[in-house]
Amino acid sequence: MKVIWKKIKLLILILIAGWELTSLLSAGKEPGSPPTALSKADKVLERIRRVQEEIKTARFQIYQIIEMNALSSRQVIKAEVKLKKPDKFYLRYTMPQKQFIASNGKKVWTYVPEYKQMTVSELKRGREYQKLVESIFFPFENLKEEYKVSLMKDGKNRKEQGYRIRLKPRTNGEELILYIDGETLLPFRIVSRTEETEVKTDIKEITINTEIPDKEFIIIPPEQTEIINLSGDNGE
């Protein structure tokens, strides 16, 4: 599940924390420089930043296709995602394997029904989970050193009446293309590419700022589930 989790983290990172892209664009511009295509991207991202700053909760579905070029293999992932600031998240995978991951900001529960097993850990103990939460609600570390950002050459994605934004790594890494809805200014598709893989993620049924009770960020498994407690207490 490591590949799956990495891609989900990337998706959530882009969905909620898009306002950091504005500082990325501004950092590379010299005072008094003439207007360029990049300044147009800056204006678009400022609009996106204003919208996303107001996000307190989010629900959405993802449909993701991972293609590995060397192996000629294809993997499909489906999941439901819930987020709540500042540090709560819930992921319910239905493909390729049924699995649940949730955090109330203090603990992380990972439940796999097929194995009748659940792991409980403190959020701070697993850097993978901690990085996820930080990337959702806090500034990206070293982002402006890692990417160059611009609008695609045609400026607008005519079919969806929105924007396409390109994040090109300054060194090695994933190149990203973000498809932004022109009305909501939220991403509805993300494409990431490396020499080895291409990942296309469609984001559907996005709902923001609806009430999500805190109890939805806790997993209570069925009886007879094996509990692996890494948190140092009773796991509750």
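Please refer to the structure placed before this passage.
Rules behind the numbers
- Residues numbered from 1 in each chain as written.
- Predicted model: local features only at pLDDT ≥ 70, side-chain atom pairs only at ≥ 80, totals over all residues.
- Heavy atoms only, no water.
- Helix = DSSP H or I, 4+ residues; strand = E, 2+ residues; numbered from the N terminus.
- Polar contact = N/O pair within 3.5 Å; in protein donor to acceptor, adjacent residues only side chain to side chain.
- Contact = heavy atoms within 4.5 Å.
- Core = buried A, V, L, I, M, F, W, Y, C linked by side-chain atoms within 4.5 Å.
- Buried < 20%, exposed > 50% of the residue type's maximum accessible area, 1.4 Å probe, protein only.
- Salt bridge = Lys/Arg side-chain N within 4 Å of Asp/Glu carboxyl O.

> Help me understand the side chain of Ser-103, please; the structure alone is not making it clear to me.
In this fold, Ser-103 is placed in strand β4 (residues 99–103). Of the polar contacts made by the side chain of Ser-103, one reaches the backbone oxygen of Lys-107; its length is 2.9 Å. In contact with Ser-103, not counting residues within four places along its chain, are Asp-87, Lys-88, Phe-89, Val-108, Trp-109, Leu-123 and Phe-217.

> How do you make sense of the nonpolar core when you look at a structure like this?
The nonpolar side chains of a soluble globular protein tend to be buried, and buried together. Ile-48, Phe-60, Ile-165, Leu-167, Leu-178 and Ile-180 are the most contacted members of the largest nonpolar core, which totals 33 residues. Taken together, the elements giving at least two residues each to this core come down to α3 (37–53), β1 (57–68), β2 (73–84), β3 (88–95), β7 (147–157), β8 (162–169), β9 (175–180) and β11 (197–208). Setting aside anything within four residues of it in sequence, one finds Ile-165 in contact with Leu-45, Ile-48, Val-149, Ser-150, Leu-151, Met-152, Leu-176, Ile-177, Leu-178 and Ile-180. If you look at the next biggest cluster of nonpolar residues, it comprises 10 residues, including Trp-109, Tyr-111, Met-118 and Ile-219.

> Explanation requested: the pattern of salt bridges in the structure shown.
As enumerated under the stated definition, the model contains 9 salt bridges in all. Close ionic contact of Glu-80 with Arg-92 constitutes a salt bridge, the shortest N to O distance being 2.9 Å. Separated by 12 residues along the polypeptide, Glu-80 in strand β2 and Arg-92 in strand β3 bring together distant segments of the chain. Lys-82 serves as the salt-bridge partner of Glu-216, at 2.5 Å between the closest nitrogen and oxygen. Of this pair, Glu-216 sits in the loop between β11 and β12 (226–229) while Lys-82 sits in strand β2; the two residues are 134 residues apart in sequence, bridging distant segments of the chain. On the accessibility criterion, Lys-82 (10% relative accessible area) is buried. Residues joined by salt bridges that share partners form a network here, namely Arg-59, Glu-80, Lys-82, Arg-92 and Glu-216.

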